[in-house]
Amino acid sequence: MTTDALTVELLTEELPPKALRRLGLAFAEAVADGLRQRGLLCGASVVTPFATPRRLAVSITAVAAVAPDAPVSQKLMPLKVASTTGARDGRASEALVRKLGALGRAHLAAGFPAAQDGPDELLIEQDGKAESVFLRSVAKGQPLHTALQATLDHALPRLPIPKTMTYAGAGGYFNDVKFVRPVHRLLALHGDAIVPVTALGLAAGRVTSGHRFLARADLQVSSALAYAPLLEAEGRVQPGFDTRKASIAAALRDAAAGATVLMPDPLLDEVTALVEWPAVYVGTFDPAFLAVPQECLILTMQQHQKYFALAGPAGELLPRFLLVSNVPTNHPAAIRHGNERVLRARLADAKFFFDQDRRAPLAARLPRLASVVYHNQLGTQAARIERLRALAARIAPLVGADPASADRAAMLAKADLVTDMVGEFPELQGTMGRYYAQHDGEAPMVADAIAEHYWPRFAGDMLPAGPVAQAVALADKLESLAGLFGIGHAPTGDKDPFGLRRAALGVIRILVERRIATSLRQLVALAFDAFAAIPAATRADDALAAFVFERMRGYLREQGYTAQQVAAVMDAHPDVIADLPQRLAAVRAFEASPAAQALAAANKRIVNILRKAGTDAPGGMAVDPTLLAPGAERDLQAALEALRPVVAAHLAAGDFTAALLACASARPAVDRFFDEVMVMDDDSRLRANRLALLRGVRETMNRVADIALLAA
């Protein structure tokens, strides 16, 4: 089978930079998958994606010119329909004759039930509970141009295009082509030959274009393997997205001259998607602008101008920045000065906003929140502030915070939403609130809580540090959860438009990672209490608690624990979740002990006996020692009495591992009890007493986790 490299390129107008990397990968994967499914690739084929501001392309090695022939099996009909007798001993029915005739295989009917003519074969095979007649044949392998055409036709409409454009194709009518951006050329080469395919109204050729300013508009590509080297050497284009990104990152670090480059990956991706032949230059700005909070300056540089800020050894912002240009030059003064002039205007705007905002204290802005709608069923931001205040003040004692400080922080928490700076940069909500609160002379814990009550904002983000910030953060998240659950907006499937899963995970992380041992159900109840005056919001305490518990399971699974281990600590829906990771660590240590499986199996047996007897509820009748028979019964009671204070002492000390491992000492007594004692005795008093004994064993051993769920 002849193989060679294949390169396919769509030369476009400037593609949306935030979507470029994903589009490039999706295009390459779609072409490779389509050809692989059609048998034209092999295990040695290597797929290389390319993506620049004006092209999506892919090169694939070891692509066959023609796919190999492949056996195919086609179900014709059930045997009871294909045979005149409905079985193997009949002749071909009229229905089968017509079917074979339509397929050009009528001659096979004469040999029914089994006939063969070259590669064509008629046979009967089991098909579920019945038998069916199948036609086996050999399908001729598709030539590359047919397979590639089908692949492109299928792949292009299915690319992850953020917004489709409709435009006039080459020689076509107005608005007759749809794609992410107008496409001007299609290149398709297999080895040194053009693959005769079409896409988006264009016929494939071997011509591409280099850099818009630094190279010729027409570059003849001699072969598929020459594509990337030609673009680099003559086209002044680095076609590989990841290669270009790495070269930009290296150039930024070199130009930083020892400073730290603030290089968030989304910004680096976006800049990579804006240039084909990158060059990095250094610019400066007036140090007087450093009086503005550095978060404002950084966002101005990154979001408005796509510049990279620089930080000094102590993390302080430096009055320099780096810009990535698409035009390398030995005389960059004009580029540098032009960008400095634009940035100066942007920073002046930020300084103006900052100065204007500080003219009025945060508290004076609160009346304006009455005109900001939070949710059409839950009222305005001003109404929400009142709920947050009430909720934060009630949560504060539960987390060791001062209620008055929590109330003050909750009152001011959303005031910066109506400032000019947050209006320009919504990402700075909370951050600017802290700066303005500090300027107003608010207590440090109040200012910190204004910023930190949004935390954690995403997976792995920081948590609020102080008790006041924790109280307001919990109030903010629980208020959102209770309000939206109360009006029927709980997440469904993969839809979570209000970010409630993120809010629930924030509650979990604050309680668990800050070791706040308070009742989750109490917090949920307090959150719904805050909506008592909202007729549209109904209580959904159980549904919200279940939702948080489900997120807790996912959170614990992400820590590396098994489903059985998580179930052991979660199935009882513990009211305090702060110590669940410690309990899980104890479960993991217990599972490694020699007695673990035997004790887990014994506990499972105890649970089943108690459930069958209808006495599995906690508490109940106490054990009567006078009814215990000498031997196994009394030994188990003695082991239980000795174990209880040991487990209680370990739990009081917070040593869950020691508490669980201590249970292993009871294994011999438990095993002997089940070997020698009939629990379900005919004597009702003995039966009830033995069930009470087993209930005591279960309750003592399961104070850390339900070890019955660990049984294999």
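What you see is a predicted model; the values in this text were computed from it and never measured. (Residues numbered from 1 in each chain as written. Predicted model: local features only at pLDDT ≥ 70, side-chain atom pairs only at ≥ 80, totals over all residues. Heavy atoms only, no water.)

Peer 1: Report on the overall build of the chain, specifying residues and quantitative values.
Peer 2: When you go through the chain residue by residue, the secondary structure sums to 25 helices and 21 strands. In terms of overall size, the chain is more extended than a compact globule, its C-alpha atoms giving a radius of gyration of 36 Å where 712 residues would be expected to give roughly 27 Å. Each principal axis of the C-alpha distribution contributes one length, and for the chain these read about 100 × 95 × 50 Å. The buried share of the chain, reckoned over its 712 residues, is 49%. Here the contacts in the chain between residues at least 6 apart in sequence split such that 66% fall between residues at least 24 apart. Of the roughly 32200 Å² of accessible surface on the chain, 54% is carried by carbon and sulfur atoms. (Helix = DSSP H or I, 4+ residues; strand = E, 2+ residues; numbered from the N terminus. Rg over C-alpha atoms; globule rule 2.2 N^0.38 Å. Buried < 20%, exposed > 50% of the residue type's maximum accessible area, 1.4 Å probe, protein only. Contact = heavy atoms within 4.5 Å. Areas by Shrake-Rupley, 256 points an atom, 1.4 Å probe, with all protein chains shown as cover.)

Peer 1: Explain unusual backbone geometry to me, using residue names and the numbers behind them.
Peer 2: Note the cis peptide between Phe 112 and Pro 113, where omega equals 15°. For Pro 113, the location among the structural elements is in the loop between α3 (94–102) and β5 (115–117). The linkage connecting Trp 455 with the following residue, Pro 456, adopts the cis geometry, with an omega of -10°. As for its position among the elements, Pro 456 is in the loop between α14 (444–452) and α15 (467–486). Of note, the phi angle at Ala 257 is positive, near 55°, even though the residue is not glycine.

Peer 1: Hey, could you go over the nonpolar core for me, with residue numbers and the actual values?
Peer 2: Counting 140 residues, the largest nonpolar core has Ile 395 and Met 421 as its most contacted members. Aside from chain neighbours lying at most four places away, what touches Met 421 is Cys 296, Ala 350, Phe 353, Phe 354, Asp 357, Leu 428, Met 432 and Tyr 436. Residues Leu 10, Ile 161, Leu 186 and Leu 202 belong to the second largest nonpolar core, which totals 44 residues. (Core = buried A, V, L, I, M, F, W, Y, C linked by side-chain atoms within 4.5 Å.)

Peer 1: Can you tell me about the packing of aromatic side chains, naming the residues and giving the values?
Peer 2: To describe a pair of aromatic rings, you give the distance between the ring centres and the angle between the ring planes. Overall, the coordinates contain six aromatic pairs when judged by the stated rule. Centre to centre, the rings of Phe 354 and Tyr 436 are 6.0 Å apart; their planes meet at 25°, and the pair counts as stacked. Placement of the pair is Phe 354 in helix α9 (residues 333–357) and Tyr 436 in helix α13 (residues 431–440), with a sequence separation of 82 residues. Of the two residues, Phe 354 and Tyr 436, both sit in the buried class. Ring geometry for Phe 673 and Phe 674: centres 5.7 Å apart, planes at 75°, overall edge-to-face. As far as the burial class goes, Phe 673 and Phe 674 line up, both buried. (Phe/Tyr/Trp six-rings, centres within 6.5 Å; stacked < 30°, edge-to-face > 60°.)

Peer 1: Let's hear about the sheet that holds strand β2 (residues 47–52): which residues, and what values?
Peer 2: The sheet built from five strands is open, its strands ordered β2-β3-β1-β10-β11 with antiparallel pairing. Each edge of the sheet is formed by a strand with only one pairing partner; in this case those strands are β2 and β11 (193–194). With two bridges connecting them, strand β10 (residues 183–190) and β11 associate as antiparallel partners. Among the inter-strand pairings, His 190 is bridged to a residue of β11, identified as Ala 193. Set on the sheet, helix α1 (residues 20–37) makes contact with β1 (3–12), β2 and β3 (55–64); between it and β3 the angle comes to about 25°. (Pairing = 2+ DSSP bridges. Axes fitted to C-alpha atoms, helices over the stretch in contact; angles between N-to-C directions.)

Note that every value here comes from positions in space, so none of it alone points to a role or purpose.
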